[in-house]
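Single-letter residue listing:
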Amino acid sequence: MFSYILRRLLLMIPIYIGLTITTFTLIRLVPGDPVLVMMGERSVDPAVREAMMQRLGLDKPIIVQYWDYLTKILSGDFGETFRTRTPVLEDFFHHFVPTLELAFCAITIAAVLGVSLGIIAALKRGSWLDYMLMGGALAGYSMPIYLLGPILTGIFSHYLGWLPVSGVINVIKYIDVQPIYGSWLLGAAASGDMGALWDVVKHFLLPSIALSTIPLAMIARMTRSAMLEVLGEDYVRTAKAKGLSPTRIILVHVLRNTMITVITVVGLQMATLMAGAILTETIFSWPGVGTWLLDGFFSRDYPIVQNGILLVATALMIISLLVDITYGLINPRIRHA
């Protein structure tokens, strides 16, 4: 196991190098002058622009800029944003925490409902309930977030008035509540104000539900397929022949072996949610890393785009590694050579 983890960590080195080259190059191929974008549409004095280019290091040759960028990363310096001059690493964690919370809430909803519906569909294979559940899963998988988000907002916010439209907290009403490590959920919980905590939870519901639909459908279908495959194994038939109760067979013999497939899907979907939450964050005005990266891209803030993508990739690779390690913990028969 140790050698496997070491190889995976060493494999990250060429991936990092490839990412640095790709992000460094692509952001500079996008038309637009970062200095002019920062200064606005008004005319900028050439001397002022030249001074700003020197301060940001954009007057150097491209290869020199890349070398400076790479050496700073290797020393742990992710630079400062062009606009606010705040450290990129600090800015990243401030926006990464809301994205992580949103993805965690979404994957929790998807995993609980998806596994439950998949088990029911497998046990009721061929029945009307099986067709209804799998048909609903297919519809959920086919529903794009840019369509589902406005529908949920229209029904639960505008029509019924049950849930807020956007943001993470009603800051006008709960002005004394401050986020802890970028988390309004922790800030509201630490304040002891149950009204503020419930307000934050309500803000989480709509984006979490919208973000969970596709992974929920995927998890439900994969759980059903894995359950049907395991139910046909010899050891399950042997357990039935011994007279074990159906509940014990499902929980002890079937579900444990099914969880290998389920964990794979859940881990991959968690990574997908974190990487692809930009659309959901935009629809619901969520202050996450996706919105942060998008704003950095449109403002040509090179440090945000370059280092933000690198940091997100790091989080995704760590999640992938943890999922692989979990295989061996759940099923001792699996060994990483």
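Residues numbered from 1 in each chain as written. Predicted model: local features only at pLDDT ≥ 70, side-chain atom pairs only at ≥ 80, totals over all residues. Heavy atoms only, no water.

## Looking at the packing of helix α8 (residues 184-191) against helix α9 (residues 194-231)
In the contact formed by α8 and α9, the axes pass within 8 Å of each other and the chain directions differ by 160°. Relative to α9, α8 is oriented roughly antiparallel. In this structure, α8 crosses over α9, and the sense of that crossing is left-handed. For the pair α8 and α9, the contacting residues are W184, L185, A188 and A189 in the first and A196, L197, V200, V201 and F204 in the second. Considering only residue class, the contact of α8 with α9 consists of 9 nonpolar, no polar and no charged. (Axes fitted to C-alpha atoms, helices over the stretch in contact; angles between N-to-C directions. Helix = DSSP H or I, 4+ residues; strand = E, 2+ residues; numbered from the N terminus. Parallel < 35°, antiparallel > 145°, perpendicular 65-115°, else oblique. Left-handed = near helix turned anticlockwise from the far one by under 90°. Contact = heavy atoms within 4.5 Å. Nonpolar A, V, L, I, M, F, W, Y, C, P; charged D, E, K, R; others polar.)

## Let's talk about the domain arrangement of the chain
Domain assignment breaks the chain into domain 1 (1-75) and domain 2 (96-334). Centre-to-centre separation of domain 1 and domain 2, based on C-alpha positions: 33 Å. The interface of domain 1 with domain 2 comprises 22 residues on the first partner and 17 residues on the second. Buried surface at the junction of domain 1 and domain 2, summed over both partners, amounts to about 1900 Å²; 74% is from carbon and sulfur atoms. (Domains from an automatic or database assignment. Buried area = accessible area lost by both parts, 1.4 Å probe.)

## Section: the nonpolar core
F92, I169, V177, L211, V254, M274 and W292 are the most contacted members of the largest nonpolar core, which has 57 residues in total. Broken down by secondary-structure element, the contributors of at least two residues to this core are α4 (62-74), α5 (88-123), α8, α9, α10 (234-241), α11 (246-275), α13 (289-298) and α14 (302-330). Of the residues forming this core, the biggest block, 11 residues, is contributed by α5. The two domains that each donate at least three residues to this core are domain 1 (1-75) and domain 2 (96-334). (Core = buried A, V, L, I, M, F, W, Y, C linked by side-chain atoms within 4.5 Å. Buried < 20%, exposed > 50% of the residue type's maximum accessible area, 1.4 Å probe, protein only.)

## Here's the deal with the pattern of salt bridges
Close approach of charged atoms allows side chains of opposite charge to pair. Under the counting rule described, the total for this entry stands at 1 salt bridge. Between D130 and R224 there is a salt bridge, with its nearest N and O atoms 2.9 Å apart. You can see D130 sitting in helix α6 (residues 128-142) and its partner R224 sitting in helix α9, a full 94 residues away along the chain. R224 matches D130 in its accessibility class, with the two residues each being buried. (Salt bridge = Lys/Arg side-chain N within 4 Å of Asp/Glu carboxyl O.)

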